[in-house]
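# Working through the structure, step by step
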Amino acid sequence: MGQGIRLTEIVEKMDLKNLTPEVEMTEKEVHVPDVNRPSLQLAGFFDHFDSSRVQIIGNVEHTYVQTLSEKRREEIFDKLLQHPIPCVVFCRNMDPVDGFLEKAVKYGVPVFKTAKQTSDFTAEIIRWMNVKLAPCISIHGVLVDVYGVGVLIMGESGIGKSEAALELIKRGHRLVTDDVVEIRKVSDETLVGSAPDITKHFIELRGIGIVDVKSMFGVQSVRETQNIDLVITLEDWSRDKEYDRLGLEEEYTEFLGNKVVCHRIPIRPGRNLAIIVESAAVNHRQKQMGYNAAQELYKRVQENLAKRSK
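Throughout what follows, the structure given in this document is the object of discussion. (Residues numbered from 1 in each chain as written. Predicted model: local features only at pLDDT ≥ 70, side-chain atom pairs only at ≥ 80, totals over all residues. Heavy atoms only, no water.)

## Looking at the sheet that holds strand β12 (residues 180-185)
Put simply, the rule is: Two strands qualify as a pair provided that DSSP identifies no fewer than 2 bridges between them. In DSSP terms, a helix is any run of H or I states spanning at least four residues, a strand is any run of E spanning at least two, and both are numbered starting from the N terminus. Axis definition: a line fit to C-alpha positions, over the contact stretch in the case of helices; interaxial angles, taken between N-to-C directions, run 0 to 180 degrees.
Overall, antiparallel pairing links the four strands, which are arranged β8-β12-β13-β16 in an open sheet. A strand with exactly one partner marks an edge of an open sheet, and here the two such strands are β8 (136-140) and β16 (225-227). Across the sheet, the mean angle separating the axes of adjacent strands is 30 degrees when strand polarity is ignored. Direction of pairing for β8 relative to β12: antiparallel, over a ladder of five bridges. Paired with H140 across the two strands is V180, which belongs to β12.

## Considering the side chain of H284
Formally: Here, residues are in contact when the closest pair of their heavy atoms is within 4.5 Å.
Considering the arrangement of structural elements, one finds H284 in helix α9 (residues 273-288). When residues no more than four places from it in sequence are discounted, the contact partners of H284 are V149, D229, L230 and V261.

## A word on the sheet that holds strand β17 (residues 230-236)
Strand order across the open sheet formed by six strands is β11-β9-β10-β17-β19-β18, with mixed pairing between neighbours. Here the strands that pair on one side only, and so sit at the sheet edges, are β11 (174-177) and β18 (251-255). On average, adjacent strands in this sheet sit at an angle of 35 degrees to one another, irrespective of strand direction. Note: β18 against strand β19 (residues 258-267), five bridges, orientation antiparallel. Note on β19: the bridge partner recorded for F255 is N258.

## Points about the packing of helix α4 (residues 70-81) against helix α5 (residues 100-107)
Heads up, the rule is: Here is the rule for angles: anything less than 35 degrees is roughly parallel, anything more than 145 is roughly antiparallel, 65 through 115 is roughly perpendicular, and the remaining ranges are oblique. Handedness of a crossing follows from how the near helix is turned relative to the far one, being left-handed for an anticlockwise turn of less than a right angle and right-handed for a clockwise one.
Between α4 and α5, the shortest axis-to-axis distance is 10 Å and the interhelical angle comes to 30 degrees. The angle between the axes of α4 and α5 places the two elements in the roughly parallel class. Judged by the sense of rotation from one axis to the other, the crossing of α4 with α5 is right-handed. Between α4 and α5, the contacting residues are E74, F77, D78, L80 and L81 on the first element and F100, K103, A104, K106 and Y107 on the second.

## Re the nonpolar core
We count it as follows: In this text, buried Ala, Val, Leu, Ile, Met, Phe, Trp, Tyr and Cys residues form a nonpolar core when linked through side-chain atoms within 4.5 Å. For each residue, the accessible area found with a 1.4 Å probe, counting protein chains only, is set against the maximum for its type, and the residue is called buried under 20%, exposed over 50%, and partly exposed in between.
The biggest cluster of nonpolar side chains holds 29 residues, and the ones touching the most others in it are V151, I153, I232 and L234. Excluding anything up to four places from it in sequence, V151 contacts V142, L143, V144, V146, L230, I232, V277 and A281.

So this is what it looks like as structure tokens:
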């Protein structure tokens, strides 16, 4: 089985109250970023029951169980809790009906409760688990939040990625990670980047060493995660290479099957990388809002040629 989330981490993150402290849960993990409300199972229908999901009991399920006879409840609880369920969560601060906790302890299924409304808790835990269990890769680069645009700066070692990031931080932008970027695919459209715990908030500058950005520039200069909206690849300038000077057609790079807009920036002495990255980020936002400067220039040229031909 692939990566999982420890049940103890879910309990801590979601602030759950443990109703079955007798049940050992340190080794238990959740591997599916989804939940199940076992309404049909409590009614006795177990076909296609996904027992690997977190099971959530809301007001409907709780009220229905109270209508069952004691004998029927025992049968249903036995049948439900014999499955390899990671845990059961009661919402709205509801307490389980008599006999449920005893059966849960017997079968080793942890039971928790939360004060949150069922729909709110469901949405929150699914969103969080989707991020935690998303496919993940690590790449070499620097991720910076520039005007709300997640800019991933890539390029060969020593080309100036960290120096560009430091200049951007000085200009009021925020560092997510330097050197190693962990990329998670949380949906078919969204990639989220973060830093490994060991290098979080640190930048390596050749000739100086390790710099703690959070300590030097304050908490406003860093952030934990950021969507990756734009990739800038830095490369040594070559006289023989053609570079895009208009930007009429977008180039893309791919991570985990998701395509991200990519710009290749040639490096020469005297070029201010921070301003170039800022401009690329603002230009990207303009395009997302429906304005494309290259297309506007092309339109003006076409209109001018049309006037002359007349």
